[in-house]
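If you want the building blocks of each chain, they are given just below.
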Amino acid sequence: MTGDYLAKVRQNSPLVHNITNYVVMNYTANALLSAGASPVMAHSIDEVTDMAGIAGSLVLNIGTLEEAWIASMIKAGQAANANRTPVILDPVGAGATVLRTNAAKDIVNKVKVTVVRGNASEILALGDQAATTKGVDATHGVERAVETARNMADQLGCIVAITGPEDLVTDGERAFKIQNGHVLMGRVTGTGCTATAIMGAFLATATGDPLNASAAALAYWGRCGEVAAQTAKAPGSYMIALLDALYTISPEQLSADAKIEKVTL
Amino acid sequence: MTGDYLAKVRQNSPLVHNITNYVVMNYTANALLSAGASPVMAHSIDEVTDMAGIAGSLVLNIGTLEEAWIASMIKAGQAANANRTPVILDPVGAGATVLRTNAAKDIVNKVKVTVVRGNASEILALGDQAATTKGVDATHGVERAVETARNMADQLGCIVAITGPEDLVTDGERAFKIQNGHVLMGRVTGTGCTATAIMGAFLATATGDPLNASAAALAYWGRCGEVAAQTAKAPGSYMIALLDALYTISPEQLSADAKIEKVTL
Amino acid sequence: MTGDYLAKVRQNSPLVHNITNYVVMNYTANALLSAGASPVMAHSIDEVTDMAGIAGSLVLNIGTLEEAWIASMIKAGQAANANRTPVILDPVGAGATVLRTNAAKDIVNKVKVTVVRGNASEILALGDQAATTKGVDATHGVERAVETARNMADQLGCIVAITGPEDLVTDGERAFKIQNGHVLMGRVTGTGCTATAIMGAFLATATGDPLNASAAALAYWGRCGEVAAQTAKAPGSYMIALLDALYTISPEQLSADAKIEKVTL
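Just so you know, these numbers come straight off a predicted model, no measurement behind them.

Undergrad: Tell me about the overall build of chain A, and name the residues and values.
TA: Looking only at helices and strands, chain A features 11 helices and 11 strands. Taking 265 residues into account, the globule formula puts the C-alpha radius of gyration at 18 Å, and chain A, at 16 Å, falls close to it. Oriented by its inertia axes, the alpha-carbon framework of chain A measures out at about 40 × 40 × 35 Å. Residue pairs at least 24 apart in sequence account for 71% of intrachain contacts in chain A once pairs closer than 6 positions are excluded.

Structure follows, in structure tokens:
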């Protein structure tokens, strides 16, 4: 059941190592704490190996990127690979600048990633497909990127998640559509980055099929979006209600409300 | 009408490129999203030209400054100039340290800025007037800096905005006083920086007179301060209510409640 | 009385210079503003001396550390020493990585610190005691680190504060236990860092015994945790209620509700 993954996060409180962007560091740390995980942010090339060594998963996020951080991400990723801990990549803004597109490609070439999660524009850019983007916001629907995601999953041997009005995760063979979520999530910065971080928490504790764990993480965060919208009607209070929902939703409620559907690609 | 500028932001959702300080990155990104704009934060010298190329305006903010960022700001500013997109400068903490005063001067010398927005102490420092400051907080009233602002506007051919208990914007010839706002805004970090970012959104979509657009942006943010104070009585909840107000205030309400008055310098 | 320290912060609104981590910059700035202090964040080696020169205290926090920041912290610390302004050190994540453990030791060797505040795992690591840690979260109870704290206080001639379910401050000779606080504080990122920053505000304005001022600061923040829990039941809204409580608690209420007890080591 979907909620079992959440229950495991709360029982084990996994340490999730994030090398992420300045904009969302506070919010994703709070989201992980609220979900029941234990976040740590550490990006210096001088300590990422140490931190990767004690963490249950590694989240790499290329927003507000600069050169030195790419090297740290690759070093951390390779340490995580050596430890067989999952690596989750968020190619924020891939397609918007050459630096980000190339960095994302460099990372997937040098690090074995478990999951790549992006919006449709980012997945298309990473897959070398013609795509337009508005900075860090998608200008394409999820549908447009499904084929690219499948190929990328095949080629890299990883899971690819495309998030948007509805989400899709695939390992190249199987695929799930997740229909939880709310339009106000698009008015809060870092809700995509937070989805990635929560996948980090779920994959750190999941046993068995990582595709199911990935779908469960997206359903959980999407469900938070729905619950938050029950009380909050504008982005400021909504942003806070999202954090609250991460804490208040029970595993049982998540199992009941998750809208995960198997689809054929 | 004042609200028309807001309506345009919501219709066009302009991409606002921010090179800003660590303290406010999350808050200003959320403020821009809540207002209806699309924020992107990108500071690496390797990508600022790409990002400036797709953005509708550029916001430069020198809080938490370091050497490498100054070069990025100048490069981004020159790219924005080449694209004829507006550049808005926030000289956070000018006057507090030599690094910041010199950086602000360097930027206005090398980049054609559309607007400079600061508190009175910052404007005085940038204008080489004797001024004291308390880190990033003003120790002078807006009145003290009016003459300096007029001269600066003349010299740089830009708009200068001084914000404080009441705000003043001038292009050196004409001037407006804006009387929206609330004292609690001084208890939330980055409300000045957010004013600057919102000017970025307004100027990205405004046609015609940028002085009017600048005044409208300040009235909008000041009005948010008034609306937020109707429900929130302490800085934490007030900070969130400000973000909500950016979303809930309609263009019509803004036109009705804006307190913008033409003044002679 | 405990509340007198808070009254002084509100009267004098001290400038607190922070060189702190990316995750908490916004939150601690807002906490300091809400408490009545005036925060500034500045980390560049080119301006820390200027900023230390106008500040009432200096807060050094090694979360999200990188090499260049260590040099800035030491330079700022030495400038603060020269100005006889208090220096408060937060060794975030000491024990988790060699970089952080060594940086914390390097700072206390080169800068005369007034207070070191950490969780039990960090204090143990800084005192060269065998300790385990979970990234930035403690895995030891406060009791485990008391002996280490006393020795460190003696050796460095400073105050050592260990925070956790209950807090302890000691100057090596005398000690206080502080029993204010709430379990939800552990679900908000940076509540430890914020405790350190508030100590910075209290020490900037305190006359007389810094040990009393340190205990008062911890009681104040712990009391905020209790007040916040009266209305907020989940981490998002709790994080905001904490900021509100910093503003709404009066000096008289703090004196009445502080649970500070003298203990023998």
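Undergrad: Got a sec to walk through the interface of chain A and chain C? Specific residues and values, please.
TA: At the junction of the two partners, chain A supplies 27 residues and chain C supplies 27 residues. Put simply, the parts of the chain that give the side of chain A that touches chain C at least two residues each are α2 (25-35), β2 (38-41), α3 (48-54) and α10 (235-248) of chain A. Considering every element that reaches the side of chain A that touches chain C, the biggest residue donor is α10 of chain A, with seven residues. Within the side of chain A that touches chain C, the residues separate by chemical class into 16 nonpolar, seven polar and four charged.

Undergrad: I'd like to hear about the relation of the copies chain A and chain C, residue by residue, with values.
TA: For the pair chain A and chain C, the best superposition has an RMSD of 0.0 Å and corresponds to a rotation of 120° with a translation of 0.0 Å parallel to the axis. Overall, the copies show the geometry of a three-fold rotation axis. For chain A, the smallest separation between a C-alpha atom and the rotation axis is recorded for Tyr22 of chain A, amounting to 3.8 Å. Interface residue correspondence from chain A to chain C reaches only 11%, placing this contact among heterologous pairings that use different surfaces.

Undergrad: Outline the pairing of strand β5 (residues 115-119) of chain A, listing residues and values.
TA: Residue and element names in this part refer to chain A. Among the five residues of β5, five are classified as buried, and the element is accordingly described as predominantly covered. Side chains of β5 alternate between two faces, with Val115, Arg117 and Asn119 and Val116 and Gly118 buried alike. Two strands pair when backbone bridges link them, and strand β4 (residues 87-90) and β5 are joined in this way by two bridges, in the parallel orientation. Among the inter-strand pairings, Ile88 is bridged to a residue of β5, identified as Val115. After leaving β4, the chain enters helix α5 (residues 98-110) and then returns to the sheet as β5, a path that is right-handed.

Undergrad: Requested: an account of the interface of chain B and chain C, with residues and values cited.
TA: At the junction of the two partners, chain B supplies 27 residues and chain C supplies 27 residues. Of all the elements in the fold, those that place two or more residues in the side of chain B that touches chain C are α2 (25-35), α5 (98-110) and α10 (235-248) of chain B. The leading source of residues in the side of chain B that touches chain C is α10 of chain B, at five residues. Tallied by class, the residues present in the side of chain B that touches chain C amount to 14 nonpolar, seven polar and six charged.

Undergrad: Which residues make up the pairing of strand β3 (residues 57-61) of chain A, and what values do they have?
TA: All names here are of chain A. In terms of burial, β3 is largely enclosed, as five of its five residues are buried. Taking every second residue as pointing to the same face, both faces of β3 are buried, with Ser57, Val59 and Asn61 on one and Leu58 and Leu60 on the other. With four bridges joining them, strand β1 (residues 15-19) and β3 adopt parallel strand pairing. Bridge assignment links Ile19 to a residue of β3, and that residue is Leu60.

Undergrad: Run through unusual backbone geometry, naming residues and quoting values.
TA: One non-glycine residue, Asp128 of chain A, adopts positive backbone phi at about 65°. Along the chain, Asp128 of chain A turns up in the loop between α6 (120-126) and β6 (133-134). Despite not being glycine, Thr64 of chain C shows a phi value in the positive range, around 40°. Tracing the backbone shows Thr64 of chain C in the loop between β3 (57-61) and α4 (67-82). On the basis of neighbour count, Thr64 of chain C is assigned to the buried category, with 25 C-beta atoms found within 10 Å.

Undergrad: Any chance you could break down the environment of Asp90 of chain A for me, citing the residues and the numbers?
TA: Mapping Asp90 of chain A onto the fold places it in strand β4. In this structure Asp90 of chain A touches Leu60, Asn61, Ile62, Arg117, Gly118, Cys193 and Thr196 of chain A, once residues within four positions along its chain are discounted.

Undergrad: Which residues make up helix α1 (residues 2-12) of chain B, and what are the values?
TA: All buried positions along α1 of chain B are accounted for by Thr2, Gly3, Tyr5, Leu6, Lys8 and Val9 of chain B. A positive phi of about 45° marks Ser13 of chain B, the residue just after α1 of chain B.

Undergrad: Tell me what's going on with the sheet that holds strand β9 (residues 167-170) of chain A, and back it up with residues and numbers.
TA: Residues and elements named next belong to chain A. The nine strands are arranged β2-β1-β3-β4-β5-β8-β9-β10-β11 in an open sheet whose pairing can be described as mixed. Strand pairing shows two members of the sheet lacking a second neighbour, β2 and β11 (260-263), which therefore form its edges. Adjacent strand axes in the sheet meet at a mean angle of 20°, parallel and antiparallel pairs treated alike. Sheet topology places strand β10 (residues 175-178) next to β11; four bridges connect them, and they run antiparallel. What sits directly across from Phe176, in β11, is Lys262.

Undergrad: Any details on the packing of helix α8 (residues 191-205) of chain C against helix α9 (residues 210-231) of chain C? Residues and values, ideally.
TA: In helix packing, the relevant descriptors are the interaxial angle and the interaxial distance, both defined with respect to the helix axes. All names here are of chain C. Contact geometry for α8 and α9: axes closest at 9 Å, N-to-C directions at 135°. Between α8 and α9, the angle falls in the class oblique. Handedness of the α8/α9 crossing: right-handed. Where α8 approaches α9, its residues Thr194, Ala195, Ile198, Met199, Phe202 and Leu203 are matched on the opposing element by Pro210, Ala213, Ser214, Ala216, Ala217, Leu218, Tyr220 and Trp221.

Undergrad: So, the packing of α2 of chain A against helix α8 (residues 191-205) of chain A: which residues are in play, and what are the values?
TA: Residue and element names in this part refer to chain A. Between α2 and α8, the shortest axis-to-axis distance is 10 Å and the interhelical angle comes to 40°. With respect to each other, α2 and α8 are oriented oblique. Relative to α8, the crossing made by α2 is right-handed. Contact with α2, carried on its side by Tyr27, Thr28, Ala31, Leu32 and Ala35, involves Cys193, Thr194, Ala197, Ile198 and Ala201 of α8 and no other residues of that element.

Undergrad: Describe the nonpolar core, and please don't skip the residues or the numbers.
TA: Within the largest apolar cluster, 333 residues are counted, with the highest numbers of intra-cluster contacts made by Ile198 and Phe202 of chain A, Ile198 and Phe202 of chain B together with Ile198 and Phe202 of chain C. Sequence-distant contacts of Ile198 of chain C, that is, excluding residues within four places in its chain, are made with Ala31, Ala35, Ala217, Tyr220 and Trp221 of chain C.

Undergrad: Lay out the relation of the copies chain B and chain C with the relevant residues and their values.
TA: Structural alignment of chain B on chain C gives an RMSD of 0.0 Å, achieved by rotating through 120° and translating 0.0 Å along the axis. The share of interface residues of chain B whose copies in chain C are also at the interface is only 11%, consistent with the copies meeting through different surfaces.

Undergrad: Tell me what's going on with the sheet that holds strand β11 (residues 260-263) of chain B, and back it up with residues and numbers.
TA: Residue and element names in this part refer to chain B. Strand order in the open sheet formed by nine strands is β2-β1-β3-β4-β5-β8-β9-β10-β11, with mixed pairing between adjacent strands. The sheet is open, and its two edges are formed by β2 (38-41) and β11, each paired on a single side. Put simply, the sheet's adjacent strands are angled 20° from each other on average, direction ignored. Relative to strand β9 (residues 167-170), strand β8 (residues 159-163) runs antiparallel, the two sharing three bridges. Residue Val160 lies in a different strand from β9, and its bridge partner there is Thr170.

About the criteria used
Residues numbered from 1 in each chain as written. Chains lettered and ligands numbered in written order. Predicted model: local features only at pLDDT ≥ 70, side-chain atom pairs only at ≥ 80, totals over all residues. Helix = DSSP H or I, 4+ residues; strand = E, 2+ residues; numbered from the N terminus. Rg over C-alpha atoms; globule rule 2.2 N^0.38 Å. Contact = placed C-beta atoms within 7 Å. Nonpolar A, V, L, I, M, F, W, Y, C, P; charged D, E, K, R; others polar. Least-squares fit on C-alpha atoms with pLDDT ≥ 70 in both. Buried ≥ 20, exposed ≤ 12 C-beta atoms within 10 Å, placed from the backbone. Pairing = 2+ DSSP bridges. Right-handed = clockwise from strand over helix to strand, strands pointing away. Axes fitted to C-alpha atoms, helices over the stretch in contact; angles between N-to-C directions. Parallel < 35°, antiparallel > 145°, perpendicular 65-115°, else oblique. Left-handed = near helix turned anticlockwise from the far one by under 90°. Core = buried A, V, L, I, M, F, W, Y, C linked by C-beta atoms within 7 Å.

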